[in-house]
Every structure is written in structure tokens, then in C-alpha cells.
Amino acid sequence: MIPAKFDYVRPSTVDEAVAALVAGGDDAKILGGGQSLMPVLRLRMGEPSVIVDTTRIDEMKGITDAGDAIVIGAGVTHDEVAKSPLVREHLALLAAATEHVADRQIRHRGTMGGAMAHADPAGDQPPVALAMGASFTIAGPGGRRTVPASEFFVDYFTTAVGPDEVLVSVSFPKHTGWSAHYEKLNRTAQAWAIVAAAATVRMDGGAIAEARIGLTNMGPGPIRATAVEQALVGASTMAAIAAAAEQAAEGTSPTEDIHADAEFRKHLARTLTKRAVAKAAGIS
Amino acid sequence: MTEILESAGVIGRPLRRKEDAKLLHGRTNWTDNIQVPGALHMALVRSPMAHARIKKVDLSGALAMPGVVAAYDAASLGDLNANVLCVWPVTDDTVMPPFPALTGDKVRHVGDVVAIVLATDAKSAEDAIAAVDVDYEPLDAVVDMIDAMSPGSALVHDAAANNTCYVYNLGGGYADAAAKADVVIKRRFVNQRIVAGFMEPRAVVAAPMGMSDEMTLWSATQIPHVLRVVLSLSTGIPEQNLRIVAPDVGGGFGGKLQMYREEILALQLARHLGRPVKWNETRSEDMVASHHGRDQIQDIELAATKDGRILGMNVTLLANMGAYLQIITPGTPLLGMFMYCGIYKMDAYQFQCTGVFTNTTPTDAIRGAGRPEATFAIERMMDELAAELGMDPMELRTRNWIQHHEFPFTTAAGLTYDTGNYEAATARALELFGMDELRAEQKRRRESGDPVQLGIGISTFTEMCGLAPSRTLGALKYAAGGWEHCTIRLLPSGKVELVTGTSPHGQGHETAWSQIASDILGIPVEDIDVIHSDTGRAPYGMDTYGSRSLAVGGQAIKKAADRVIENARPIAAHQLECAAEDLDFANGAFSVKGDPEKSVTLGALAWAAFSAHNLPDGIEPMISGAATVDPEDFSYPHGTHLAAIEVDTETGKVRVRSYVAVDDVGNQINPMIVEGQVHGGVAMGIGQALYEGVEYDADGNLLTASLADYLIPSAADLPSFTTDRTVTPSTTHSLGTKGVGEAGAIASTPAIINGIVDALRPMGVTDVLMPASPQNVWRAIQAAKGAGA
Ligand SMILES: Cc1cc2nc3c(=O)[nH]c(=O)nc-3n(C[C@H](O)[C@H](O)[C@H](O)COP(=O)(O)OP(=O)(O)OC[C@H]3O[C@@H](n4cnc5c(N)ncnc54)[C@H](O)[C@@H]3O)c2cc1C
């Protein structure tokens with residue numbers, strides 16, 4: 001299909017991008033990697049009047065070590081994230097989840113910022129950001145602000161980023177030495193998650209000292225399973241992990257679609273959490 | 001009896017395909033690449049509703065848009081509107097409602113076409129369809145077949161009471177067989193709705209040819225020849241004025257074995273406006289507008305003795321026609337009715353099929369057409385019967401199958417299978433599979449309560465290829481014949497033009513047909529040009545579907561090539577000054593018996609015929625051979641497919657760990673092409689078993705409208721297949737070949753489901769719905785647990 005007609009601008013700074021959004025009004029849309037936006041345009045599910053292409057903004061590229069955090073530019077591709085030595089060393093869970101995004105071609109185009117701003121409930125990275133306590137730097141006409149992950153994801157495909165704002169970067173607190181596993185159940189190799197569980201743990205003498213658990217596609221946005229995190233402290237056996245994981249679906253209201261109803265999703269949340277934690281902790 | 005081909009020539013060699021260099025370098029001629037100056041682009045206004053009365057269509061908004069040249073609804077299209085034709089009324093009283101290219105009274109499925117817009121470019125046409133204002137009065141949608149047949153259901157067509165299109169009966173005597181049986185098992189299987197999923201979406205270009213009366217239609221179709229006839233019948237354009245070209249076609253799988261409304265509309269409007277008209281579908285359109293396939297509810301009964309001898313089988317089908325009848329919609333489920341007995345002997349066979357209209361996209365043939373459904377049913381039932389009797393499923397099959405010395409064998413369904421060797425194919429498959437080790441591992445996993453259970457899936461299948469002879473098709477009320485044509489011409493330079501009536505769309509006919517002709521004529525493969533898929537250059541043919549191209553078309557090539565030699569012989573005798581009978585023909589040359597030094601090549605004879613300076617009296621200056629062959633009978637490929645399946649009982653996720661396919665397709669012209677067909681077919685059948693399925697909601701909205709929701713497996717989802725062949729040549733075909741285009745897709749679906757059920761049977765599972773998605777598998781386990789508790 002052919003998208004409806006739109007104007008196109010390609011700013012080279014964040015300020016210019018914001019200005020273009022302001023000028024474009026409600027209908028302006030940012031183009032990142034285009035892997036979610038282009039299908040929307042081609043199916044004519046959206047007909048923006050202006051496309052603001054942010055792929056040439058230098059400030060939004062690059063992964064930097066900021067002391068106790070790793071800052072990832074919104075324009076960094078999934079492929080760059082998954083392969084980054086900094087990410088692999090300090091954010092093992094983000095690397096693991098990002099490797100599961102779509103297929104190689106899409107990972108070479110899709111961006112961190114696009115994935116977060118799109119906020120698909122089945123997206124693989126938002127639950128990681130939530131579980132690891134990431135924060136989001138957003139630029140708008142009034143300047144810049146920083147939003148914690150717990151406030152960033154608002155609803156289905158809705159975030160704290162306003163129509164005239166640009167997500168500039170995402171900062172992840174370092175989890176150096178934490179081990180991680182992302183357990184995703186999908187139907188074909190390149191498909192979105194029916195449900196996935198993201199787990200990262202800090203081990204101390206064979207037992208789990210701290211755990212961070214995120215769930216994909218278990219509600220309108222990413223979910224952090226705090227009850228499971230707490231129950232896991234001190235766990236050193238499969239039985240203890242399984243008991244903690246039993247709480248994974250509590251309080252969730254997952255969507256129903258042709259791939260899974262709510263009951264099955266809740267079952268998967270428990271099962272996949274158990275597996276993700278066990279693999280992250282190296283306990284079987 | 002036909003010999004196993006052990007040719008010194010090129011038949012049987014895994015030659016690389018002639019077609020591939022062109023495809024790989026992008027030197028392709030897809031329909032959408034065809035640029036005709038001045039072409040108008042067509043876009044269609046499709047119904048968003050499954051069932052509604054059309055109260056008003058307002059075209060004025062669209063007509064006012066930039067670039068728009070014309071717009072029509074059914075009323076303004078008037079006499080140019082024409083019907084999509086069904087050529088297979090299966091019974092005398094089959095209800096055949098009209099299927100107009102533009103619908104005027106009601107829409108009957110999501111995607112039904114209400115209006116069209118023609119504009120100077122594709123974008124303007126697409127912009128304009130959004131400006132067509134259609135006022136619909138929604139009606140109750142008929143989606144589920146059982147609901148459709150219930151009293152009080154809304155009707156898709158007023159002429160079809162109870163939404164019934166036809167009821168077809170075959171065979172009988174099941175009640176007597178069941179009365180004598182020790183065990184009777186009954187199962188209901190749902191063979192879900194699927195799409196063909198060809199890579200190249202459909203496309204059409206229709207163009208008037210200058211000042212002549214000729215209209216040319218390029219279409220991404222499998223059936224240019226059949227299309228020419230039906231389009232002429234439907235539109236009234238004289239057949240001789242219609243040229244149909246199928247340029248490079250990117251896959252079909254039955255989905256392009258069709259006459260589509262877009263072809264009618266493009267042709268009629270190009271003729272009416274005197275300008276070329278072009279249309280190219282999107283994938284989203286394809287999902288609602290190209291025909292779907294399968295969609296049957298199968299109630300199957302099998303009656304047997306306690307030692308496992310099958311006495312009788314009773315098959316009762318509901319077959320979903322969708323909203324309209326397309327080219328062979330009613331006949332498609334009946335293509336399977338002769339195959340429910342599979343490879344097994346039984347005394348009684350009884351079959352009934354009811355065709356049901358619903359407010360869904362029309363169904364028709366998709367790879368296997370009827371036979372996958374039949375094979376699924378019998379192969380699933382064999383496993384169920386084995387479980388019922390506590391017998392090994394392969395042992396049960398061995399006890400019932402036709403043994404190799406019993407051929408030719410007439411089955412309970414009335415077909416005569418010419419040859420087969422199920423013992424040999426099964427022995428080879430078992431050898432490659434490692435059955436004993438897998439059974440041992442299965443036992444270990446069961447005993448340890450492993451969350452991942454192992455299952456072994458068996459499918460010992462046969463199918464029928466060729467769709468011929470024509471007489472048989474006539475008896476089934478199919479309108480066309482089942483013959484195929486070939487003309488072979490020697491060019492003056494000694495090169496060859498081979499004109500075939502088959503219409504390849506990815507199969508590699510150019511290579512394989514060259515191999516056959518090269519083998520017989522002794523002319524190199526690269527000197528043979530295969531001409532096809534253009535009714536202007538290859539006027540006679542029945543096209544490509546039903547694994548018929550080699551099974552039928554191959555025989556025409558052989559006969560035509562033999563005739564070339566016979567037609568060249570008198571000229572050779574004249575030149576070598578001997579009697580025609582005194583000549584041998586080998587390696588492309590005639591030589592005098594007993595004096596091989598005296599010889600002349602076909603190439604030299606071609607020049608002699610062309611110059612015509614010195615021909616014997618009464619011999620015409622041309623060497624060619626033509627043949628139209630109507631085969632003696634169908635051919636019956638068979639094989640044994642074995643699958644090792646891992647089922648994660650906690651998530652319901654299924655993994656095909658290994659897959660062995662031993663097929664017997666008779667003689668192979670090009671084993672590498674055979675291999676490719678087996679791989680693709682097996683993948684497609686696994687797709688149906690595990691991933692694919694068209695789903696509608698209760699209002700008839702399509703829930704699987706894109707490839708994000710309708711899942712098709714890629715290489716990453718499939719194991720590396722282990723394949724081999726046994727060779728039992730067909731005795732009814734002159735080359736001893738059978739057909740391989742559909743075999744893999746027919747065989748693999750039941751192998752996978754049998755494997756899943758085998759893995760889960762100790763948990764009480766006896767069936768799992770297709771596609772066996774994690775949720776469907778998990779639910780089957782939960783239901784069995786519930787039932788056991
Ligand atoms: C076939 C397919 C399969 C996929 N499978 C998966 C999967 O399994 N898991 C998964 O997580 N994802 C999957 N994706 C999505 C993929 O990860 C996308 O890359 C991602 O969702 C969007 O990133 P993008 O850079 O392409 O954003 P775009 O498509 O360019 O934009 C997406 C949205 O975000 C907005 N946006 C983009 N950048 C910014 C910014 N800097 N500030 C504010 N708003 C912005 C856009 O305006 C738009 O609304 C899949 C995509 C496809 C096509």
C-alpha cells in the first residue's frame with residue numbers, strides 16, 4: 001500500500017526536531033528506524049502531515065558510560081545495543097532481550113527510542129527498562145526533563161512523550177556482575193512475544209541476593225513483578241524459585257487475542273518467570 | 001511395464017535450473033514490472049462488513065479527486081459487469097449463485113468489491129477509494145458452518161436454503177461393515193482454513209493492442225489457457241481476440257489457479273476506455289480477496305476387527321464454500337473423496353460431503369486440494385485405531401496396506417492404483433529415522449516426567465496426481481479436460497523450440513522439460529528453449545496445478561519428441577541413401593545400421609529441411625512434432641514420512657526435532673527439483689499443522705489480515721529435512737513418472753499432529769486442534785487433565 005501524502009523534514013539537532021514538531025502541530029510524527037511507523041503509514045492507520053526524520057541527529061546516537069549508568073541515545077539501533085560491550089558488561093538483561101527483537105534486518109534499523117516511544121505491550125525492551133529502573137530524557141519546547149520508567153509507560157502505545165517532544169536518550173543504572181536471562185514464548189522465530197519474562201539477578205554465595213523481573217505483553221504496558229522479586233531474595237533452589245514465580249501473574253490483566261487468552265497468558269507468566277530466573281541464577 | 005529410467009543422457013541428473021540465474025540477478029518480468037504507456041491504475045473499494053445490504057454508493061467524492069479518470073459501482077458499470085465463473089457444478093442441483101465482478105445488492109464477505117476507481121497513477125487511485133461513500137445496512141453474518149445450516153440462520157444467498165450448496169454421496173455399505181466390527185472409532189477433525197501465501201501478490205495488466213481487436217491480459221496466474229476460455233465466456237470478448245500472458249509468476253500453490261474479478265474488471269475497462277488498466281494487490285488485499293483453502297469439519301468413523309483389520313470407513317464432511325463459488329470451489333473437497341482409504345485395504349467405504357455457504361472469502365484449491373484433508377483424516381485415524389487396539393501404529397499400517405505384489409489394486413473408493421511399494425519406502429524411512437533410539441528416549445522422558453515430551457509422528461501416504469483422463473473428469477461433471485499439449489520445432493540452426501501448455505510459476509519446467517527433450521533428441525539442454533504461459537506463443541494447454549505438469553505434460557513432450565525423430569527419419573534416409581528402417585537414432589544422429597560411419601545429425605537435417613533444396617518427394621520442408629496426450633489414468637505417488645516432535649508440556653510449544661521424508665514419485669527427471677518440491681511441500685504442511693490458520697470473529701471480521709497475525713514458518717522454525725526416494729515407476733505414464741508438487745504438503749500435516757498426540761497420549765490427549773499453537777496444545781493438555789480428574 002502507498003502512504004498518504006506527507007511533508008518530510010530531516011533536522012540535524014534535537015532543538016530543530018522539536019521546532020519541526022511544534023510547527024507541524026498535532027499531526028507531526030517522528031521517524032526513527034521506521035519499523036513500526038512505516039507499516040502504520042502503509043496501512044493508512046495513521047496519516048501524519050509531517051514526518052520529522054531524527055536519524056541524522058548526532059546527539060541521539062552513541063552509547064556512553066556515565067559512571068553509575070549507561071546512557072543509550074534514542075537513535076541507537078537494536079543491533080548496536082545487543083552488540084555493545086558496555087551493554088553486555090553492565091546491562092546483561094538489555095542485551096539478552098534485545099537479541100530477541102524481531103529479526104536481523106529489523107534489528108539493524110529499529111531503534112531504542114522508537115521501541116520505547118512506540119510502547120507496544122509486546123515490545124521486548126520496555127519491561128527491561130522498567131525492571132532495571134531506567135530513566136528517560138525527553139526534550140520539548142520548554143526544555144528537557146527526565147522521567148522514570150515507572151512514569152514513562154502510560155497505556156497501550158502511550159508514553160509520557162508529548163506530541164511536540166522528542167525522546168533523546170535512555171539511562172540504565174549499571175547492573176555490573178548481575179546475570180540475566182530473557183525467556184520469550186513466540187510462535188515463529190521472528191514473531192512478537194505472546195508473553196516473555198525478563199530476569200536479572202545478583203547472586204551471593206549460591207543464593208539470589210537481589211532480583212529484577214519484568215513481564216512482556218501481560219497488560220497495556222510493561223509490568224514489573226515486584227512481589228516475585230521480593231520472594232526470590234535468598235532463593236537457592238528450583239523449588240524456591242518456582243514458589244516465588246507463582247506470584248508472577250498476580251494483579252495482571254493481560255490482553256486476549258488469537259494467540260492467547262488471559263488465562264493462558266497468566267499461566268505463561270508464571271512458567272516463563274520460573275525459567276528465566278532459574279537460567280539467570282544458574283539453578284536447575 | 002515402464003522401466004526405471006537409467007538414462008545415459010540427461011534425464012535423472014540434478015542439473016542446476018536454467019531459470020535461476022535470471023531470477024537471482026533480478027532480470028525478471030513480474031506482472032507489476034510491465035509498464036504500458038498511458039496505463040490507468042485500478043483500485044477497489046472493498047467491503048469492511050461481512051454481510052450487508054448496499055443502500056447507496058456515492059462516487060462523486062472520488063470523481064472529484066485529482067488524477068481520477070473514472071469510477072464505477074455495479075449500477076454504473078452496467079453491461080460491462082460480468083461474472084466470475086464456476087466450472088464445476090458437482091451435482092445436478094448444485095446451487096450456483098451469480099458472482100458478479102462488482103456486487104450491487106449485498107456484500108457477502110469482508111473484501112467483497114462494491115466499486116472501483118481508475119486514476120492516472122496508483123497513489124491517486126488509492127487516495128480516491130477512501131472518498132467513495134458507501135451506505136451499508138448491516139445484516140447478520142453467517143460465519144460458522146454448523147450455525148449456517150441451523151434453521152433460522154441468515155442466508156448468504158436466498159437461493160441456497162439452509163446455506164447448502166450441494167450434498168454429494170459416494171460409496172456405501174458402511175453400516176454392514178460396522179455391524180461386523182469388534183471396534184468402531186469415531187473422531188471429529190477440523191481441517192482449518194488457510195491461505196496460499198504465494199510470495200508475489202496478484203497483479204493484472206490489461207491492454208488494447210493498437211488498432212486491432214486484440215486485448216492482451218498479463219496476469220500473475222497459473223492458468224493462462226483456461227483463463228482465456230472462461231474470460232471469453234464471461235465477458236463475451238471473442239476468444240480469438242484475447243491473448244493471456246502469465247509472465248514470471250512468483251508462486252501459486254493453487255491460489256492463482258483461478259479466475260478473479262480483478263481480471264474481469266481490468267479487461268472490461270481497458271476495452272471500454274481504450275486504455276491499458278493496471279492493478280497490483282497489497283498483501284492485506286490478498287488476505288481477503290485471494291481464495292482461501294481447506295476449511296472442513298470431518299466426522300470420520302473407522303470399523304475394524306480386534307486384530308486390526310479395517311472393515312469399513314465412513315466419512316461425513318462439511319466443506320466451507322465461503323460466500324461465492326469460484327472456479328472449482330464445490331469440487332475441491334471432492335478431489336479428496338477417493339483418497340480417504342489412503343494406502344489401505346478395506347471392504348466398505350462411504351462418503352458424504354455437504355457444501356456450505358458462509359459470509360467468508362470463497363475457498364478453492366490450495367496445494368493438494370482435498371487430498372491433504374483426506375490424508376490427514378485417514379492417517380490420524382490409523383494412529384487413533386492403533387491406540388484403541390494397543391497396537392504399534394506402524395504395525396497396524398503394515399497389516400492393512402496394499403502389498404507391493406498386489407498391484408494394480410482397486411481400492412474401496414474405486415480407484416485403481418497402478419503401482420507402489422509401501423514396504424520399501426517405509427523400510428528406508430525407518431532406517432534413516434532411528435526409530436528404536438527415539439522410542440527409547442521417549443520412554444525415558446515419560447518415566448522421568450520431563451516437561452518436554454517426545455512424540456513420533458507417522459504418515460504413510462499416497463495421493464493422486466495428474467487429474468486425468470478427461471473422460472473421468474467429465475463423469476465428475478468438471479467442465480474441462482485433463483490433456484496436455486507439446487509442440488517441438490527444430491530451428492534451421494539446429495536449436496529447438498519446445499512449446500508446452502503447462503504454465504510454470506517457480507517449478508523449474510524450463511529445465512526439466514529441456515532435459516526430457518534433450519534426452520530423446522540428443523540435443524544439448526542449453527540449445528532447447530521452452531516456450532510457455534502465453535496463449536499467443538503457446539496456444540494449446542491446460543496449465544499447471546494438481547501435480548499434473550510432468551505427469552501429463554511430460555508425456556506430451558515425450559510423444560512430440562518421438563514424432564520429431566520419426567518426421568526427420570525420411571529426410572535422413574534420403575541423404576544417407578538407405579531405407580528408413582535401416583536407420584538407427586542415437587545421440588542426436590541417424591546412422592546406417594551396420595555402417596555407423598554413415599550418419600547425419602538432427603541439426604544438419606534441420607538445415608536440410610529449412611533450405612528444402614533436396615528433400616524426398618512428398619516430404620514437407622519442416623521438422624517438428626506435436627502431441628496432445630490424455631493420460632490413461634491418474635498417477636499415485638506415495639511415501640513414508642516420520643517426524644520426531646518435542647512438546648513442551650508447560651508452554652505448549654512444539655518443536656519439530658527431525659523429519660524424514662522418503663517419497664516414491666516414480667522416475668525422476670531432475671532429482672534436485674524433486675528435492676526442492678519435497679522441502680517446500682513439507683514446510684507448507686508443517687505450516688498448516690503448527691502455524692497457519694485464517695480466523696474470523698463472530699461478525700465475520702478477518703482476524704488474521706496480515707502476515708503479522710497469519711504466521712508462516714521460515715527456515716528458522718524448521719529442522720533440516722532428511723529426504724530420500726524409492727523408485728517404483730508408474731505403469732500408466734510413458735516416462736514412469738508420477739508427480740511431486742503436492743506430496744510433501746499432503747504428507748507432513750498428519751505426521752506432525754500424530755507426533756504431538758503421540759507425545760501427549762499418556763496424559764490422556766487424543767487430539768489437538770490445528771494449528772497446534774502453544775495455546776491449542778496447552779488447552780488439549782488441560783482438557784485431558786480435567787477429564788482424567
Ligand atoms: C516484522 C516485525 C517484527 C517485530 N518484532 C518485534 C519483536 O519481536 N519485539 C520487539 O520489541 N519489537 C519488534 N518489532 C518492532 C521493532 O522493534 C521496532 O524497531 C520498534 O518497535 C520501533 O523502533 P523504530 O526505531 O523502528 O521506530 P519507528 O517505527 O520509527 O517509530 C515508532 C514510533 O515511535 C515514535 N518515535 C520514534 N523515535 C522517537 C523518538 N526519538 N522520540 C519520540 N518518538 C519517537 C514514532 O513517531 C512512532 O510513533 C518488530 C517490527 C517488525 C516490522
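Residues numbered from 1 in each chain as written. Chains lettered and ligands numbered in written order. Predicted model: local features only at pLDDT ≥ 70, side-chain atom pairs only at ≥ 80, totals over all residues. Heavy atoms only, no water.

Comments concerning the packing of helix 7 (residues 224-235) of chain B against helix 8 (residues 261-273) of chain B
Residue and element names in this part refer to chain B. Keep this limit in mind: For helices, the axis comes from a line fit to the C-alpha atoms of the stretch in contact; other axes are also lines fit to C-alpha atoms, and the angle between any two N-to-C directions lies between 0 and 180 degrees. A run of H or I in DSSP counts as a helix once it spans at least four residues, and a run of E counts as a strand once it spans at least two, with each numbered from the N terminus. The scheme is simple: roughly parallel for angles under 35 degrees, roughly antiparallel for over 145, roughly perpendicular for 65 to 115, oblique for anything else. Note on convention: near helix rotated counterclockwise from far helix by under a right angle means a left-handed crossing. Clockwise means right-handed. Residues are treated as being in contact if the distance between any of their heavy atoms lies within 4.5 Å. Just so you know the grouping, Ala, Val, Leu, Ile, Met, Phe, Trp, Tyr, Cys and Pro go in nonpolar, Asp, Glu, Lys and Arg go in charged, and all remaining residues, Gly too, go in polar.
At a minimum axis distance of 11 Å, the contact between helix 7 and helix 8 shows a crossing angle of 60°. Relative to helix 8, the element helix 7 lies oblique. Helix 8 is crossed by helix 7, and the crossing has right-handed handedness. Along the contact surface, helix 7 presents Leu 227, Leu 231, Ser 234 and Thr 235, while helix 8 presents Glu 263, Ile 264, Leu 267, Gln 268 and Arg 271. Looking at the contact of helix 7 with helix 8, its residues break down into four nonpolar, three polar and two charged.

Focus on the nonpolar core
Put simply, the test is: To qualify as a nonpolar core, a set must consist of buried Ala, Val, Leu, Ile, Met, Phe, Trp, Tyr and Cys residues joined through side-chain atoms within 4.5 Å. Between buried and exposed lies partly exposed: a residue is buried under 20% and exposed over 50% of the maximum accessible area for its type, with that area taken using a 1.4 Å probe on protein chains only. Domain segmentation is taken from an automatic or database assignment of domains.
Within the largest apolar cluster, 149 residues are counted, with the highest numbers of intra-cluster contacts made by B:Tyr340, B:Phe351, B:Tyr659, B:Ile686, B:Leu690, B:Ile752 and B:Ile756. Here this core spans two domains, since at least three of its residues come from each of domain 2 (34-139 + 200-250 + 256-289) and domain 3 (366-463 + 635-788) of chain B. One finds A:Ala20, A:Leu94, A:Ala119 and A:Ala198 within the second-largest nonpolar core, a separate group that totals 48 residues.

Brief notes about the packing of aromatic side chains
This is how the line gets drawn: Pairing of aromatic rings covers Phe, Tyr and the six-membered ring of Trp, with a centre-to-centre limit of 6.5 Å; geometry is then stacked below 30 degrees between planes, edge-to-face above 60, and tilted otherwise.
Scanning all chains against the criterion turns up 15 aromatic pairs over all chains. Seen in terms of ring centroids, A:Phe264 and B:Trp778 are 4.9 Å apart; in terms of plane orientation they differ by 35°. Their pairing is tilted. In this pair, A:Phe264 sits in helix 12 (residues 262-281) while B:Trp778 sits in helix 20 (residues 774-788), so the two residues belong to two different chains. By the burial criterion, A:Phe264 is buried, and B:Trp778 matches it. Relative to B:Tyr422, the ring of B:Trp401 lies with its centre 6.4 Å away and its plane at 70°, an arrangement referred to as edge-to-face. A residue pair is termed long-range when its members are at least 10 positions apart, and B:Trp401 in the loop between helix 11 (393-400) and strand 16 (409-410) and B:Tyr422 in helix 12 (residues 422-433) qualify at 21 residues.

Some words on the pattern of salt bridges
Should their charged atoms come close, side chains of opposite charge can pair. All names here are of chain B. Operational definition: The term salt bridge refers to a pairing of a side-chain nitrogen on Lys or Arg with a carboxyl oxygen on Asp or Glu at a separation within 4 Å.
Across all of its chains, the model carries 60 salt bridges over all chains by this definition. Among the salt bridges present, the one from Glu 384 reaches Arg 761, with a minimum N-O distance of 2.8 Å. Of the two residues, Glu 384 sits in helix 10 (residues 371-389) while Arg 761 sits in the loop between helix 19 (743-760) and helix 20, which places them 377 residues apart along the sequence. Overall, the relative accessible area of 24% leaves Arg 761 in the partly exposed class. Put simply, Glu 441, Arg 445, Asp 450, Glu 646, Arg 655 and Arg 657 are held in one network by salt bridges that share partners.

Topic: the interface of chain A and chain B
Our working rule: Accessible-area loss on putting two parts together, using a 1.4 Å probe and summing over both, is the definition of buried area adopted here. Counted as a polar contact is a pair of N or O atoms within 3.5 Å, where, for protein atoms, one must be capable of donating a hydrogen and the other of accepting one, and residues adjacent in sequence contribute only when both atoms are in side chains.
The partner chain B presents 28 residues to the 26 residues of chain A that form the contact. Of all residues in chain A, A:Arg187, A:Ile258 and A:Phe264 give up the largest surface area on contact with chain B, accounting jointly for 29% of the area buried on that side. For the pair chain A and chain B, the interface holds six salt bridges. Ionic pairing is found between B:Asp648 and A:Arg275, a salt bridge with its closest N-O pair at 2.6 Å. Joining chain A to chain B, the criterion identifies 14 residue pairs in polar contact (both at pLDDT 80 or more). By residue number, the principal contributor to the side of chain A that touches chain B is helix 12 of chain A, which donates eight residues. Residue classes in the side of chain A that touches chain B are distributed as 13 nonpolar, six polar and seven charged.

Points about the site of the ligand
All names here are of chain A. Cut-off, in case you're wondering: Throughout, the term near means that a residue has one or more heavy atoms lying within 4 Å of the molecule or strand in question. Reported accessibility uses the Shrake-Rupley method at a 1.4 Å probe radius. Residues are deemed covered only where the shown protein chains occlude them.
As a matter of local geometry, the ligand sits amid 29 residues, with Ile 30, Gly 32, Gly 33, Leu 37 and Thr 111 nearest to it. One nitrogen or oxygen atom from the side chain of His 78 is found 3.1 Å from an oxygen atom belonging to the ligand. Within the complex, 89% of the 960 Å² of free accessible area of the ligand lies under protein. Among the secondary structure elements, those contributing two or more residues to the shell around the ligand are strand 2 (29-31), helix 7 (112-118) and strand 10 (166-173). When its residues are assigned to classes, the shell around the ligand shows 14 nonpolar, 12 polar and three charged.

Focus on helix 12 of chain B
Residues and elements named next belong to chain B. Stated precisely, the cut-off is as follows: Take the number of residues in a helix, subtract one, and multiply by 1.5 Å to get its expected span. Our arc is simply the arc of the directions from the helix axis toward the C-beta atoms.
Relative to the 16 Å expected for 12 residues at 1.5 Å per residue, helix 12 spans 16 Å between its end C-alpha atoms, a close match to the ideal helical length. Among all positions in helix 12, only Tyr 422, Ala 425, Thr 426, Ala 429 and Phe 433 are buried. With its buried residues spanning 95° around the axis, helix 12 presents them on a single face. Of the surrounding secondary structure, the elements contacted by the buried residues of helix 12 are helix 11, strand 17 (416-417), helix 13 (435-448), strand 18 (452-462), strand 26 (638-648) and strand 27 (654-664). Residue Gly 434 follows helix 12 closely and has a positive phi angle near 75°.

A few points about a nonpolar patch on the surface
Residue and element names in this part refer to chain A. Here is the rule: Two joining distances apply to patches: 9 Å for like charges and 5 Å for nonpolar side chains (Val, Leu, Ile, Met, Phe, Trp, Tyr), and every residue must have over 30% relative accessible area and no salt bridge.
A cluster of nonpolar side chains, Met 1, Leu 43 and Met 45, forms an exposed patch at the surface whose accessible area comes to about 290 Å². The residue Met 45 is located in the loop between helix 2 (37-42) and strand 3 (50-53) in this model. Its relative accessible area of 62% is what places Met 45 among the exposed residues.

Looking at the domain arrangement of chain A
When the domains of chain A are assigned, the result is domain 1 (7-53), domain 2 (63-173) and domain 3 (180-281). For domain 1 of chain A and domain 3 of chain A, the distance between their C-alpha centres works out to 35 Å.

As for the sheet that holds strand 12 (residues 195-204) of chain A
All names here are of chain A. The condition is simple: DSSP bridges decide pairing: two strands pair if at least two such bridges lie between them.
Spatial ordering of the open sheet is given by 11-12-13-14, a layout of four strands whose pairing is antiparallel. Of all the strands in the sheet, the pair left with one neighbour each is strand 11 (179-185) and strand 14 (223-224). For strand 11 and strand 12, the ladder comprises seven bridges, and the chain directions are antiparallel. Paired with Glu 183 across the bridge in strand 12 is Ala 197.

Some words on the environment of B:Val740
Residues and elements named next belong to chain B. With respect to the helices and strands, Val 740 occurs in the loop between strand 28 (721-725) and helix 19. You can call Val 740 buried: its relative accessible area is 13%. Considered as a pair, Val 740 and Ile 456 are 284 residues apart in the sequence and their alpha carbons are 24 Å apart. With near-sequence residues (within four places) excluded, Val 740 lies in contact with Ser 547, Val 665, Val 674, Gln 677 and Val 678.

Focus on the domain arrangement of chain B
All names here are of chain B. Annotation of chain B at the domain level lists domain 1 (20-27 + 483-629), domain 2 (34-139 + 200-250 + 256-289) and domain 3 (366-463 + 635-788). For domain 2 versus domain 3, the distance between C-alpha centres works out to 39 Å. Each partner contributes residues to the interface: domain 2 has seven residues there, and domain 3 has nine residues. Carbon and sulfur atoms make up 68% of the area that domain 2 and domain 3 hide from each other, which totals about 520 Å². Linking domain 2 to domain 3 there are zero salt bridges. Where domain 2 packs against domain 3, one counts zero residue pairs in polar contact (both at pLDDT 80 or more). Here the residues of the side of domain 2 that touches domain 3 sort into five nonpolar, one polar and one charged.

Digging into unusual backbone geometry
Backbone torsion omega between B:Phe407 and B:Pro408 reads -10°, so that peptide bond is classified as cis. You can see B:Pro408 is positioned in the loop between helix 11 and strand 16. Of note, the bond from B:Met770 into B:Pro771 is cis; its omega dihedral lies within 30 degrees of zero at -10°. Tracing the backbone through its elements, the reader meets B:Pro771 in the loop between helix 19 and helix 20. Of note, A:Phe157 is a non-glycine position whose phi angle comes to about 50°, a positive value. As for its placement among the helices and strands, A:Phe157 is situated in the loop between strand 8 (153-155) and strand 9 (158-159). Exposure remark for A:Phe157: the relative accessible area of 44% places this residue in the partly exposed category. A positive phi angle, near 45°, is found at B:Leu467, a position not held by glycine. With respect to the secondary-structure elements, B:Leu467 resides in the loop between strand 18 and helix 14 (470-475).

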